[in-house]
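Take a look at the letters that make up each chain.
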Amino acid sequence: MSGRLHLLAAAIALACCCAPGLAIPPPARAITIGVADQRPLFFTNSSFQRTRIGRARILVGWDALEVDWQRAELDAWFSAARTAGVTPLVTFGRSRTRPDFLPTPDRYEGVVRAFRARYPWVTEFSTWNEANSCGERTCRRANLVAAWYRRLRIACPGCTLLAADLVDQPNLSDWARQFRRSATVQPTRWGLHNYLDANRYTTRFTRQMLAATQGQLWLTETGGL
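Residues numbered from 1 in each chain as written. Predicted model: local features only at pLDDT ≥ 70, side-chain atom pairs only at ≥ 80, totals over all residues. Heavy atoms only, no water.

A.B. asks: Can you walk me through the state of the cysteines in this structure?
C.D. replies: Working definition: the covalent bond between the sulfur atoms of two cysteines is a disulfide. All told, the structure shown has two disulfides when counted by the stated rule. Cys 134 shares a disulfide with Cys 139; S-S distance 2.0 Å. For Cys 134, a relative accessible area of 49% puts it in the partly exposed group. Each disulfide pairs two cysteine sulfurs, and for Cys 156 the partner residue is Cys 159, the sulfurs being separated by 1.8 Å. Handedness here is read from the sign of the S-S torsion; for Cys 156 and Cys 159, about -55°, the answer is left-handed. On the accessibility criterion, Cys 159 (14% relative accessible area) is buried. Cysteine pairing for the protein chain (bonded cysteines numbered in sequence order): 1-2, 3-4. (Disulfide = S-S within 2.5 Å. Buried < 20%, exposed > 50% of the residue type's maximum accessible area, 1.4 Å probe, protein only.)

Below you can see the structure in the form of structure tokens.
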């Protein structure tokens, strides 16, 4: 797994205790840590500012810019992120007003272009949130998400793109492989929500994801109890 994991987690707490005089070896590779929060006020929270975290993830309904109150929420969030000097990762997902309606590839590309026009300084995107989840209408439509990914590449050349954010459930490997078969260009980055691995102290699904994909694997949501 070395060299392929990029961490952008919902919340991370790191602690290190050692005996006096015990040397701690430096990490083999730097890890990028981010925070996910839908509310803009966290950017000015002193607890967040003390972490010096420079990245944040936001989940955006694919048609949010078409709805006045959602557009206002996004303007506030991105304005606060930019003021704080934080780099956003935008993950598109289901509509908050029409959750059963999925965009065509043409409509998806138009959404991305509108988003880029409104926030041209934002350059990190994930095609779809938990696309393999069977609580999503994309559960059996990896080919459609692959079509969206192709349009995302067209609408945002030079951006940092994740093929999709997947969640660790039994269809993980099959879904990722079907996506790759449908994609014209193979993705170089993927997102994973590894809740089962984190809570069960295993690496089963993370290893499956690494075996089924190529490139970097970003932990875009994670958590343990």
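A.B. asks: I keep staring at unusual backbone geometry and nothing clicks. Help me out?
C.D. replies: Leave glycine aside and you will find that most residues have negative phi; peptide bonds, for their part, are mostly trans. Backbone geometry places Arg 52, a non-glycine residue, at a positive phi of 60°. Accessibility expressed as a relative area gives 77% for Arg 52, which makes it exposed. Even without a glycine there, the phi angle at Tyr 201 is positive, about 55°. Residue position: Tyr 201 is located in the loop between α6 (195-200) and α7 (204-212). The exposed category is assigned to Tyr 201, whose relative accessible area is 71%. (Helix = DSSP H or I, 4+ residues; strand = E, 2+ residues; numbered from the N terminus.)

A.B. asks: Where do I start with the sheet that holds strand β5 (residues 124-126) in this structure?
C.D. replies: Strand pairing in a sheet relies on backbone hydrogen bonds, with the paired strands running either antiparallel or parallel. The parallel open sheet is built from five strands, whose spatial order is β2-β3-β4-β5-β6. The strands lining the two open edges of the sheet, one partner per strand, are β2 (35-36) and β6 (160-162). By the bridge criterion, two bridges tie β2 to strand β3 (residues 55-61) in an arrangement that is parallel. Looking at β3, one finds that Ala 36 is bridged to Arg 57. Where helix α2 (residues 68-84) meets the sheet, its contacts fall on β3 and β4 (87-93), and the angle it forms with β3 comes to roughly 170°. Most of the contacts of helix α3 (residues 105-118) go to β4, to which it runs at about 155°, and overall it touches β3, β4 and β5. (Pairing = 2+ DSSP bridges. Contact = heavy atoms within 4.5 Å. Axes fitted to C-alpha atoms, helices over the stretch in contact; angles between N-to-C directions.)

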